[in-house]
Every structure is written in structure tokens, then in C-alpha cells.
Amino acid sequence: MVKLINELTNPTVPRVRGIEAVGTVYATSEASNFTVGQKVMTIMGGFGSTFDGGYEEYAVVPNNVLYPLDVNMDWKELATLPESFYTAYGSLKVLHLSVGKRLLIRGGSSSVGLAALLLARTQGVTVTSTTRDPNKVADLKKLGADTVLLDNGTLKTDAKFDGLLELVGAKTLLDSMTHVESDGYSVLTGGLGGQWTLKNFSPFAINGYLTKFQSTIVNRDDVDAMSKLIQKGNLSLPVIDTFSLKQVSDAQDDVAKTTKMGKVVVIV
């Protein structure tokens, strides 16, 4: 894990950044099991850190971090999938939710939160999402949230949930867990709140079962299962704006400044 963190925060330079991409195979070897023209995606695994990433027209990607993407939609929509949906799928998987179960997504207006909402609704799960922005409540409900809670640091609800997806992080984790059933599951995935540790934490504060998920290691079977759910539900995230490859700097500025929900996409 330390090695992976160092690769992400201290990449070998000069380096083309970008930790995710979708595209088609331009050239490959027979041993790769990929074919020229095949639709694929790549995320993490050193992409954009130990070797050049997604902000280029042609990317040289090791076979072990390249994954078939059997989803029929246009490239702009496909570009919203890899990191957000894989992180959401992996997080939901460890929550062991089934049809009719209740999920709380803390940080629901983030891209991973939106992907988790769409995937969970496809699986018949009842979803409550949180947001700090009152202007996002209606949009979250339009995307499928059964309930939306305004988050001022402490959630005002008496509801109990079978699963918690914590994307704000350590800053709100203890409060979030007070809303989890005694036999429920919680997964810590994000750190949007900017706090990475809990002071004076007692494990007896955990309701049910607490685990974590990170997308640094990608499971091929999970990518396949994720793709099937996406195809079944025709799922993709809202696209906030699109930029050309020459406008990568503008795209990054847009990500930093936007108050809209969804993904900013760079198209070659």
C-alpha cells in the first residue's frame, strides 16, 4: 500500500497524468487475449504515475491493467465509467446488500456517490443520499435517490440503514455509523472531508461491521460484473462539460471550480 501511495503522490517525471481512460485497442500481441479494435478501459495500476496516463491520443498500457468494456454507449458516456463506477461497485459489494435493503451514501453528490446510487437502484436497494448543497436535492432525487438528507456535519434523521457508504471520510464516519443497524455493514471509501484519521477512536463505536475499499487493486471479475450492471441499466454519470485533449488544463480548472454533479470529460 505504501508503494502504491508513493507512486500516486510522487510519480516518476516527466509523466503524462490521468488515472483512467476508455478507448479501443490500436495494436497488441497474440498473447494478450485482446484484439485490435476491441473496446477497453484502464484504471490505476500505475496508469498516470509509474507510466504515462490518459491525457494522450495513444496510451501504452500493460495487459494486466487493461479490461474489456462490453457496454454499448457513446464515448462521452463511456468516459464517465471507469474509476467512479468501479469504486462504487467494489464498495457496494462489501456491503452485502440485497433487494429491499437500505443504503446511506454519505457524500452522495460526488461522482462515486452518484455511481453508487445508480448501481444500487439497479440492484433494488433503497437509497438515501446526502449533500451539503440544497440545490442538488432535486437532481439527486431525479437520478433515483429515495431520500436526500442535507449534511451540515451531523445528519438529522432517526432512520437506520443496512449499509453505509462513507465518502466524506473520517470527518463524518462516527456520526454516519450511528445510523447503521447493529447487524449492518459500513465501508469507508472516500476522504472528501480532508480528514484521514480518527482521534481517540474506540472500536466499540462501530455499529455492525466496518471495512474499507480502495480501487488501487482492480479485480477483473468485478469489472465484468460492473459492466453487466451498467449495460443492463444503461447507466452513466451526467456529463458536466467536455474538452479536447489540448484543453486538459481548462478541464482541470473546471473540475476544481464546478458546483455541478457529474464528470468532466476529455475527448480525443
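Residues numbered from 1 in each chain as written. Predicted model: local features only at pLDDT ≥ 70, side-chain atom pairs only at ≥ 80, totals over all residues. Heavy atoms only, no water.

Let's talk about the overall build of the chain
Note the following rule: Secondary structure elements follow DSSP: runs of H or I of four or more residues count as helices, runs of E of two or more count as strands, with numbering from the N terminus. Burial classification: accessible surface area is computed with a 1.4 Å probe over protein chains only, and a residue below 20% of its type maximum counts as buried, one above 50% as exposed, and the rest as partly exposed. Note on contacts: a residue pair qualifies if any of its non-hydrogen atoms lie within 4.5 Å across the two residues. A 1.4 Å probe and the Shrake-Rupley method give the accessible areas. Residues count as covered only by the protein chains that appear here. Charged-residue counts in this description rest on Lys and Arg as positive and Asp and Glu as negative, His and the chain ends being excluded. The atoms used to mark charge sites are NZ of Lys, CZ of Arg, CG of Asp and CD of Glu.
Within the chain, the regular secondary structure consists of eight helices and eleven strands. Expressed as a percentage of its 268 residues, the buried residues of the chain come to 45%. The long-range fraction of contacts in the chain, counting pairs at least 24 apart against all pairs at least 6 apart in sequence, stands at 66%. Here the chain has roughly 14000 Å² of accessible surface; of this, 51% comes from carbon and sulfur atoms. In the chain, the 26 positive side-chain charges and the 27 negative ones have mean positions that sit 4 Å from each other.

Focus on unusual backbone geometry
Backbone geometry places Asn 33, a non-glycine residue, at a positive phi of 70 degrees. You can see Asn 33 is positioned in the loop between strand 1 (20–24) and strand 2 (39–43). In this structure, Met 44 is a non-glycine residue whose phi angle is positive, near 50 degrees. Position of Met 44 among the secondary structure elements: in the loop between strand 2 and strand 3 (67–68). Judged by relative accessible area, Met 44 falls into the buried class, the value being 8%.

A closer look at the packing of helix 3 (residues 82–93) against helix 7 (residues 220–233)
Geometry of a packed helix pair, given as the angle between the helix axes and the separation of the axes. Rules: What counts as an axis is a line fitted to C-alpha atoms, over the stretch in contact for a helix, and the angles between N-to-C directions run from 0 to 180 degrees. Any angle between 65 and 115 degrees counts as roughly perpendicular, while under 35 counts as roughly parallel, over 145 as roughly antiparallel, and the rest as oblique.
Between helix 3 and helix 7, the shortest axis-to-axis distance is 10 Å and the interhelical angle comes to 105 degrees. The angle between the axes of helix 3 and helix 7 places the two elements in the roughly perpendicular class. Judged by residue contacts, Phe 85, Tyr 86, Tyr 89 and Lys 93 of helix 3 engage Asp 222, Val 223, Ala 225, Met 226, Leu 229 and Ile 230 from helix 7.

Focus: the side chain of Thr 128
As for its placement among the helices and strands, Thr 128 is situated in strand 5 (residues 126–131). Overall, the relative accessible area of 7% leaves Thr 128 in the buried class.

Here's the deal with the sheet that holds strand 8 (residues 180–188)
In a beta sheet, neighbouring strands pair by backbone hydrogen bonds and run either parallel or antiparallel. Which entries qualify depends on this criterion: Should DSSP find at least two bridges between two strands, the strands are taken to pair.
If you walk across this open sheet you meet the six strands as 6-5-4-7-8-9, and the pairing is parallel. Both edges of this open sheet fall to strand 6 (147–150) and strand 9 (209–212), since each of them pairs with a single strand only. Pairs of neighbouring strands in the sheet enclose a mean axial angle of 20 degrees, with direction left out of account. Pairing between strand 4 (residues 102–106) and strand 7 (residues 161–166): four bridges, direction parallel. If you follow Leu 103 over to strand 7, its bridge partner there is Gly 163. Its contacts with the sheet put helix 4 (residues 111–122) on strand 4, strand 5 and strand 7, and the angle it makes with strand 5 is roughly 165 degrees. Against the sheet, helix 6 (residues 170–177) touches strand 4, strand 7, strand 8 and strand 9, its axis set at about 175 degrees to strand 7.

Some points on the nonpolar core
Nonpolar side chains tend to gather and get buried jointly when the protein is soluble and globular. Heads up, the condition is: Only buried Ala, Val, Leu, Ile, Met, Phe, Trp, Tyr and Cys residues count toward a nonpolar core, and they belong to the same one when joined by side-chain atoms within 4.5 Å.
Among the nonpolar cores identified, the biggest contains 52 residues, and Phe 85 and Leu 103 are the most heavily contacted of them. Looking at this core, the elements that each hand over two or more residues are strand 2, helix 3, strand 4, helix 4, helix 5 (137–143) and helix 7. In terms of residue count, the dominant contributor to this core is helix 4 (eight residues). Of all hydrophobic cores here, the second largest spans eight residues; its members include Leu 155, Leu 164, Met 177 and Val 180.

Take it as geometry only, folks, not as evidence of what the structure does.
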